[in-house]
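One letter stands for each residue in the lines below.
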Protein chains: 2
Amino acid sequence: MAEKFISDRNLKFLLYEMFDAESLLKYPRYADHSREIFDMVLETAMKMGKDLFKPIFSEMDKQAPEYVKGEVKVHPQVRTIMRECGAGGWIGATFNCEHGGQQLPEMVGMMVPTAIFAAANYSAAVFHGLTGGAAGLIASYCSQEMKDLYLPKMMAGEWQGTMALTEPQAGSSLTDITLTGEPTDQGYYKFKGQKIFISAGEHDGADNVIHLAIGRIKGAPAGIKGISLFVIPKKRIENGKLVFNDVNCAGIYHKLGYRGAPITQLAFGENDDCRGWLVGEPNKGLSYMFQMMNGARIDVGLGAACISSAAYYASLEYAKERPQGRRLSSKDPLSAQVPIIEHADIKRMLLFQKAIVEGSLSLLMQCSLYHDMEKVTEGEEHENYNLLLELLTPVAKTYPSEMGILSCSQGLQILGGYGYCDEFPLEQFYRDVRIHPIHEGTTGIQGMDLLGRKMMMKKGKAGQLYLANVRKAIKAAEDDAEMKPFAAALETALGKLEKVTAHLFGVAAKEGPEMFLADATLYLEFFGIIAIAWQWLLQATVAKKALKGNVGPGDVNFYNGKVCTCRYFFGYELPKIEGLATRLLNGDGLTVTMKNDYFEE
Amino acid sequence: MAEKFISDRNLKFLLYEMFDAESLLKYPRYADHSREIFDMVLETAMKMGKDLFKPIFSEMDKQAPEYVKGEVKVHPQVRTIMRECGAGGWIGATFNCEHGGQQLPEMVGMMVPTAIFAAANYSAAVFHGLTGGAAGLIASYCSQEMKDLYLPKMMAGEWQGTMALTEPQAGSSLTDITLTGEPTDQGYYKFKGQKIFISAGEHDGADNVIHLAIGRIKGAPAGIKGISLFVIPKKRIENGKLVFNDVNCAGIYHKLGYRGAPITQLAFGENDDCRGWLVGEPNKGLSYMFQMMNGARIDVGLGAACISSAAYYASLEYAKERPQGRRLSSKDPLSAQVPIIEHADIKRMLLFQKAIVEGSLSLLMQCSLYHDMEKVTEGEEHENYNLLLELLTPVAKTYPSEMGILSCSQGLQILGGYGYCDEFPLEQFYRDVRIHPIHEGTTGIQGMDLLGRKMMMKKGKAGQLYLANVRKAIKAAEDDAEMKPFAAALETALGKLEKVTAHLFGVAAKEGPEMFLADATLYLEFFGIIAIAWQWLLQATVAKKALKGNVGPGDVNFYNGKVCTCRYFFGYELPKIEGLATRLLNGDGLTVTMKNDYFEE
C-alpha cells in the first residue's frame, strides 16, 4: 500500500505561503507561539499519523466494532489513540489556555492534525475529534463547575464526547426533535427519548461518554424555538463515583464504509433514571449546537478531502509503477510498455484528483483563516470574518464531500480491476468517503443553507464580502501573463454568479420559497466550483511568484504542479458552471409541481 | 426491501411503442414468433426474476464465493439458476434454431430477460449470460464437431462459458497477450499462460467450464495481428469421459461489490497438459472475440442500467413512505410531516434516477433493434445497421455505467444515513454498479474506441447515419408544441456535436493521435448525453401521442412520467454538454505534455 497519504509540503504551502499563519503571531491571542511551534505541530502530527493511525487503516475496516449486550467493542488501538491525543494536547489544542487548551490558531491546531489524521485513517480520527467539538461547547457555554467536571477528562482523551442530534422521526428536520427533559429541583433534568446515528455514542475505548444532546424542556414551544442543549453523560458522578446514567446503547449500524467508528442508537431514560444538565439558556440550544455543528461541517469537508488525498497518493503510486500499453504515437508491440501515468487519460484522472484534493484543502484552510481572524478582531471586522466563514461553511462541507466521491472513484478507476478489489486500498476510500455528503447535514440541507440563509443574511452582505475577496485574487493574478486568462475566466464566472443569484432572488420575491430553493443543490454546486477556481487562482499566483525566485528542483516540481493543476481546473472543471447556470436561469418548477403519481410504473 | 426492481410496463413500452418489435415478425427469421410469444417471454422472465433471482440478492453478497484448494464454492442457488435458464431456453434464446436456439429477436430474447435478471440480482445473472456469449462464439465460428460437443451442455446450463482475455501484464493492452499454444499433430494446441479477472472462471455451480480464450500460436506475429481465439475447457473429453485439462484456478478476488460472482485467476498448463482448440482461422482471434465482446459491452451497460433500476425503485419506495419535514411554504411545526418525495430536492434526485435508468434502457433497446435489423437485412442496409450498432456500443456501455454510479449514489443519498447502512439495499447497489466502468473495457478504452475508431471508420459514415437518425426524431417531435423547444435544443446539441467532432478531426490531422484522443473520455461523455437526450425526445414524443388517445389512469401517469422525465433531462442533463464542448474545443494538451514529476509532493 502507498505510504504517503498527505503532503506536508502542501500543508506548509497553505499555512505559510498562501495564508500566512505567521501573521497571526502579532495578535495577543497567539503571541506566545512561533513558526517553530507551528512546524513542530505539523511534524508531530505527521509522525502520529504514520505511526498511530495509518497502520490500522485496513484493520479497523475489517474488524468493525461489535455490539454485544449494550456495549460496543472497538479496535483496541482506539483507546491508545484517544489517550495519546489527550496526552499530546491535540484535543482542544485551539482552546483558550484557561480551559486547558494551547490557544493555537485553528489553521494550525485544528486543520493540520485533523487533516493528517483523517488522511491516515478517517475512522480512527473521529473519536478525539468529536470529543474536542463537544468539549468546546462545554468550554464556551457551561458553568465553571461543569467545565471542571468534564473538560479535564475529555481533554485527556479518557472520556468520549458526542454530538447527539438525530432522532428516528426527525432526520434532517430538527424541528421535530422530541428528546425531553423534565425539570427537577436538583438542578438537573430527567430525560426520555432516543437518538440515532450518533457517532462514537458508545464504545470501550473511553471510560465515559459525554453526549451534547439537543432536546426539549418539557412544555417548551414546538419547533426549533423550543430546542435546548444538554449535557447527558453515560455515567454521572455521585459521591465521587461514576454511576450509570441510564443511557443505553440499543445497537450499532452496519455501514458501507467508515467502519472503524461505531455509529450508535441510543435510548435515554428507559429506566427513568437519566439525568442531564442544561447548557446555557433554555430554548437556545440550536444556536449553541451550531458552534459545534459548523466546526463539524468543516471537519466533514476536511475528512472527505483527506480521504481523497490518501486515495490520490495510492493511485499516483500505482500509475507510476504499473506498465501497460504504449503511447499512441509509438504502437510497436515489441517496444516496452510504459507506466500508465504516460497515458493522457490517466494523467487527466490524476489531475482531477489533485485538483479536488488541493483545491478543497485550500478552501478549508481559507475558512480556517477567517475563523482565526474572527477570534482576534472586533466590531465590523469581526462580523465580516464571521459572515465569510458562515457563507463558506456549506461550500467547504459539500464541495470536498461530493467531489471526494468522484475523486476516489477516479482513483479506483486508475487501478482498473485492481481498484475494485480489496488488496488495494481504493475500494475502502471509495466506501469511506461516501458518508460525507450525508453526515452533519446532507448536501440538500447545505444547498438550502447557502442560498436560503447565508446569501440572504444581512441583506446579502456575506455574498458581497465574498465577491470582493475573490476580486482581490483576480486583481493579484492579472499581473502575471500566464495567469491573466484565468483571472479573466474567474471574473466571467463571478458575473455568472451575480446574474444567477439576482435571478433567484427575483424568483424568491415573485414565486415564493419553494420555487426559489428548488434547485438550491445545483446552486451550491455552481457556487462551489467557482470558490475552488478562486482557490486555484490564488495557489497558482503564489506558485508563479515563487518560481521567479531561487528554488530547488523539488520545489520547481511542486510549484509547477500547482500551476498545471490550476490550468486543469480552469480547463476542465470551471466550464461545468455553464450548464449549471443555464439550468439555474431557466428553472421551470418541474420538481415543485410534478405529481408524485407520475413516478408510478 | 422494495419488491419492485424493474418496470415491465416500461419494457413493453420500449418493445412495442418505441421500437415496434412486432415489425420484426415480417422477416422470415422471426416469422414463427408472435406478440403473444414476446409477451410470454417477458412474463416468464419477470416471474423468474422475482422467484429465482431476487430472493438471494443480499444473501449472495454476504455469502460471497469461497476459494478452497483450487475450487470455488458459490451460492448453491447458482446451480439451480444455471439449470433453470438452460431448461427454459434462456441461454442462446436468440441463436439460430439449427444451433438449438429459439431465434428470438435480440430485443426480446436477449434484452428482456437479461434486463430483468440483472435488475433482480446482477451477480446471479452473469453465469448463464456469459455462457450464452461463449456459446454464441462457438455457434458462429467452430466446426460442427465442436458445436456438437459444447453447445448442448452449455445451452442446458450444465457447463459454464467464459470470456478469457485479461492477463497480468496486459490489462487493457491486448497487444501484450502472451497465453501461448504450441501446435501438435493431434489437432489441438498445448497451452501455457495465465489469465486474470475471469468472471465465473471456476465454480461448483457448473460441471465444466469452457473458456473462450485469446492467445497466440507459438511463433505468431507480435501484437494484435498474432492473436488467435481458442476453446480451452477446464475438463476435456477423453474416451467419453471428462478429464481434467490442467486449467487451475489460482484464486479469486475479494471485491467491493458484485460479490456473488467469482472473478478468478487461472493458470493454464502448469503440468504441461492443457489442450485447447483453435476457433476459426489463426491470428484472427480478436475479430471473433469482438462478437462476444460487443455483446458483453451492451450487457454491461444493461447491467448497470438495471442495477440502477432496482436502486431507483428502492429509493422511490422509501421517499414515498418516509415522513420528514414540511413543504417550505408551510413550516408550522405542529403540522404533520410530509413524505420526503414532497421535497423538490428529493423529487429532483428521483427524476435523475428515472432519467438515467429509462434513458439508458431506451438507448440499449435502440442498439438491440439495430442488431436485429442487421440480422435480417443485406447489402448497404445491413452495413448501415452494423455501423450504427458499432458506433453506439461504447456509448451504450459507458453512459449507463458511469451514470449508474451517480444514479445509485443519488438513490443512496435519498435514504440519508439509512442509505449508508446495510439494512437497506442501496449500499449494495452502489457497490455492485461500480464495476461497470471497468469490466469489458474501461471508460477510457471506450472513449478512444468511439472517437478514434468508430467516428473515423468508413470516412465517418457511422456518425453521419447517426445524425440522420437523430434528426428524424427531431422532425417527428416538432409537430408537438410542448416538444418543439426540446427538438430545437437537441438540434442545437447536434450542431455542437458536429462542431466539436470537426474540430477534433482537425486536431488529429494537425497534431497527431495523442492530442486528438487526449480528451476522448470527455468526448464520450458529451456524445452520450446527446444520445440519451435523443432517446428521451423519442420517448416523450411517443408518450405525448399516446396521451391524445383513450388511456386509463395508470397509463396517464406512465406517459406523463415520460414527458416530465424528458423535461428533466433537457432541463438538467443536456446543459452539461455546454461545459464539455467548451473544454473539447479548447484543448491545450495539458495531459499530453505535463511532466510526471509535477505530481511529486
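For clarity, every value in this text was computed on a predicted model and none was experimentally measured.

**Focus on the overall build of chain A**
- A tally of helices and strands in chain A yields 18 helices and 12 strands.
- The C-alpha radius of gyration of chain A comes to 24 Å, within 12% of the 25 Å expected for a compact globule of 601 residues.
- Each principal axis of the C-alpha atoms in chain A carries an extent, and together these give about 80 × 65 × 60 Å.
- Residue burial in chain A is summarised as follows: out of 601 residues, 60% are buried.
- Intrachain contacts of chain A at a sequence separation of at least 6 include 76% that bridge at least 24 residues.

**As for the nonpolar core**
- Among the nonpolar cores identified, the biggest contains 432 residues, and Ala115, Ala533 and Leu537 of chain A together with Ala115, Ala533 and Leu537 of chain B are the most heavily contacted of them.
- In this view, alanine 533 of chain A contacts Leu490, Ala493, Phe569, Phe570 and Leu574 of chain A; residues no more than four positions away in its chain are not counted.

**Some thoughts on unusual backbone geometry**
Residue and element names in this part refer to chain A.
- At lysine 459, a residue that is not glycine, the phi angle is positive and equals roughly 55°.
- When you line up the elements, lysine 459 lands in the loop between helix H12 (443-454) and helix H13 (461-477).
- The exposed category is assigned to lysine 459, around which 8 C-beta atoms lie within 10 Å.

**Quick look at the interface of chain B and chain A**
- Taken together, the 83 residues of chain B in the interface contact 82 residues of chain A.
- If one sorts the elements of the side of chain B that touches chain A by residue count, helix H17 (residues 553-573) of chain B sits on top with 10 residues.
- Of the residues belonging to the side of chain B that touches chain A, the class tally is 32 nonpolar, 30 polar and 21 charged.

**Structural notes on the relation of the copies chain B and chain A**
- It takes a turn of 180° to lay chain B on chain A, together with a shift of 0.0 Å along the axis; the resulting RMSD is 0.0 Å. The two molecules are tied by a two-fold rotation axis, judged by turn and shift.
- With an isologous cut-off of 70% or more, the 99% of interface residues of chain B that recur at the interface of chain A puts this contact in the isologous class.

**Structural notes on helix H10 (residues 379-414) of chain B**
Residues and elements named next belong to chain B.
- With 36 residues, H10 extends 51 Å between its outermost C-alpha atoms, agreeing within 8% with the 52 Å of an ideal straight helix rising 1.5 Å per residue.
- At leucine 392, H10 shows its maximal kink, close to 40°; a proline, proline 394, follows between one and four residues later.
- Counting buried residues along H10, 29 of its 36 residues qualify, which places the element largely inside the surrounding structure.
- Just downstream of H10, glycine 416 is the residue with a positive phi angle, here 55°.

**A look at the environment of methionine 18 of chain B**
Residue and element names in this part refer to chain B.
- When you line up the elements, methionine 18 lands in helix H1 (residues 8-18).
- Separated by 158 residues in the primary sequence, methionine 18 and aspartate 176 place their C-alpha atoms 43 Å from one another.
- When neighbours within four sequence positions are excluded, methionine 18 is seen to be in contact with Phe13, Ser362, Met365, Leu538, Gln539 and Val542.

**Notes on the pairing of strand S6 (residues 208-217) of chain B**
Residue and element names in this part refer to chain B.
- S6 sits mainly inside the fold: eight of its 10 residues count as buried.
- Summarising the sheet, strand S3 (residues 159-164) and S6 pair through six bridges and their orientation is parallel. Each residue of the ladder has a partner; that of alanine 164, found in S6, is alanine 213.
- When strand S4 (residues 180-183) meets S6, the two strands line up parallel, connected through two bridges. Across the sheet, residue threonine 180 finds its bridge partner in S6, namely arginine 216.
- Sheet analysis places S6 next to strand S7 (residues 227-233), joined by seven bridges and oriented antiparallel. In the strand pairing of S7, glycine 215 is matched with serine 228.

**Re the domain arrangement of chain A**
- Once the domains are mapped, chain A shows domain 1 (8-159), domain 2 (160-283) and domain 3 (451-590).
- Of note, the centres of domain 2 of chain A and domain 3 of chain A, computed from C-alpha atoms alone, are 40 Å apart.

**Focus on the packing of helix H9 (residues 344-376) of chain A against helix H16 (residues 553-573) of chain A**
All names here are of chain A.
- Packing of H9 against H16 leaves a shortest axis separation of 9 Å and a crossing angle of 105°. On the basis of their axis angle, the class for H9 and H16 is roughly perpendicular. The residues of H16 that touch H9, namely those facing Leu351, Lys354, Ala355, Glu358 and Gly359, are Thr565, Tyr568, Phe569 and Glu573.

**Focus on helix H2 (residues 35-53) of chain B**
Residues and elements named next belong to chain B.
- For H2, built from 19 residues, the straight-helix expectation of 27 Å at 1.5 Å per residue is met to within 8% by its first-to-last C-alpha distance of 26 Å.
- For H2, every residue scored as buried is listed here: Phe38, Val41, Ala45, Met48, Gly49 and Phe53. Relative to the axis of H2, the buried residues are bounded by an arc of 105° and lie together on one face. Opposite the packed face of H2, turned more than 90 degrees from it, sit the exposed residues Glu36, Met40, Glu43, Lys47 and Asp51.

**Quick word on the packing of helix H15 (residues 520-547) of chain A against H16 of chain A**
Residues and elements named next belong to chain A.
- It is the contact of H15 with H16, at a shortest axis distance of 8 Å, that shows an interaxial angle of 150°. Comparing the axis directions of H15 and H16 gives the class roughly antiparallel. In this structure, H15 crosses over H16, and the sense of that crossing is left-handed. Listed contacts from H16 to Ile529, Ile532, Ala533, Trp536, Leu537, Gln539, Ala540, Ala543, Lys544, Ala546 and Leu547 of H15 are Val556, Tyr559, Lys562, Val563, Thr565, Cys566, Phe569, Phe570 and Glu573.
- A breakdown of the residues in the contact of H15 with H16 according to their chemical character gives 15 nonpolar, two polar and three charged.

**Focus on the environment of asparagine 596 of chain B**
- Examined against the element boundaries, asparagine 596 of chain B turns out to sit in the segment after helix H19 (590-593).
- If sequence neighbours within four positions are ignored, asparagine 596 of chain B has contacts with Lys320 and Ile341 of chain A.

**Overview of the confidence of the model for chain A**
- For chain A, the mean per-residue pLDDT works out to 96, and 100% of the residues sit at or above 70.
- Confidence metrics for the complex model read pTM 0.97 and ipTM 0.97.

**Observations regarding the pairing of strand S8 (residues 235-238) of chain A**
Residue and element names in this part refer to chain A.
- Summarising the sheet, S8 and strand S9 (residues 241-244) pair through four bridges and their orientation is antiparallel. By the bridge assignment for S9, arginine 236 is matched with valine 243.
- Between S8 and S9, which pair antiparallel and follow one another directly, the connecting turn spans two residues, one of which, asparagine 239, has a positive phi of 50°.

**Considering the environment of glutamate 202 of chain B**
- With respect to the helices and strands, the residue glutamate 202 of chain B is situated in the loop between strand S5 (189-199) and S6.
- In this structure glutamate 202 of chain B comes out as buried when scored by C-beta crowding, with 27 C-beta atoms within 10 Å.

What counts, and where the lines are drawn
- Residues numbered from 1 in each chain as written.
- Chains lettered and ligands numbered in written order.
- Predicted model: local features only at pLDDT ≥ 70, side-chain atom pairs only at ≥ 80, totals over all residues.
- Helix = DSSP H or I, 4+ residues; strand = E, 2+ residues; numbered from the N terminus.
- Rg over C-alpha atoms; globule rule 2.2 N^0.38 Å.
- Buried ≥ 20, exposed ≤ 12 C-beta atoms within 10 Å, placed from the backbone.
- Contact = placed C-beta atoms within 7 Å.
- Core = buried A, V, L, I, M, F, W, Y, C linked by C-beta atoms within 7 Å.
- Nonpolar A, V, L, I, M, F, W, Y, C, P; charged D, E, K, R; others polar.
- Least-squares fit on C-alpha atoms with pLDDT ≥ 70 in both.
- Expected span 1.5 Å × (residues − 1).
- Bend = angle between axes of the 7 residues up to and from the residue.
- Pairing = 2+ DSSP bridges.
- Domains from an automatic or database assignment.
- Axes fitted to C-alpha atoms, helices over the stretch in contact; angles between N-to-C directions.
- Parallel < 35°, antiparallel > 145°, perpendicular 65-115°, else oblique.
- Arc of directions from axis to C-beta.
- Left-handed = near helix turned anticlockwise from the far one by under 90°.
- pLDDT = per-residue confidence, 0-100.

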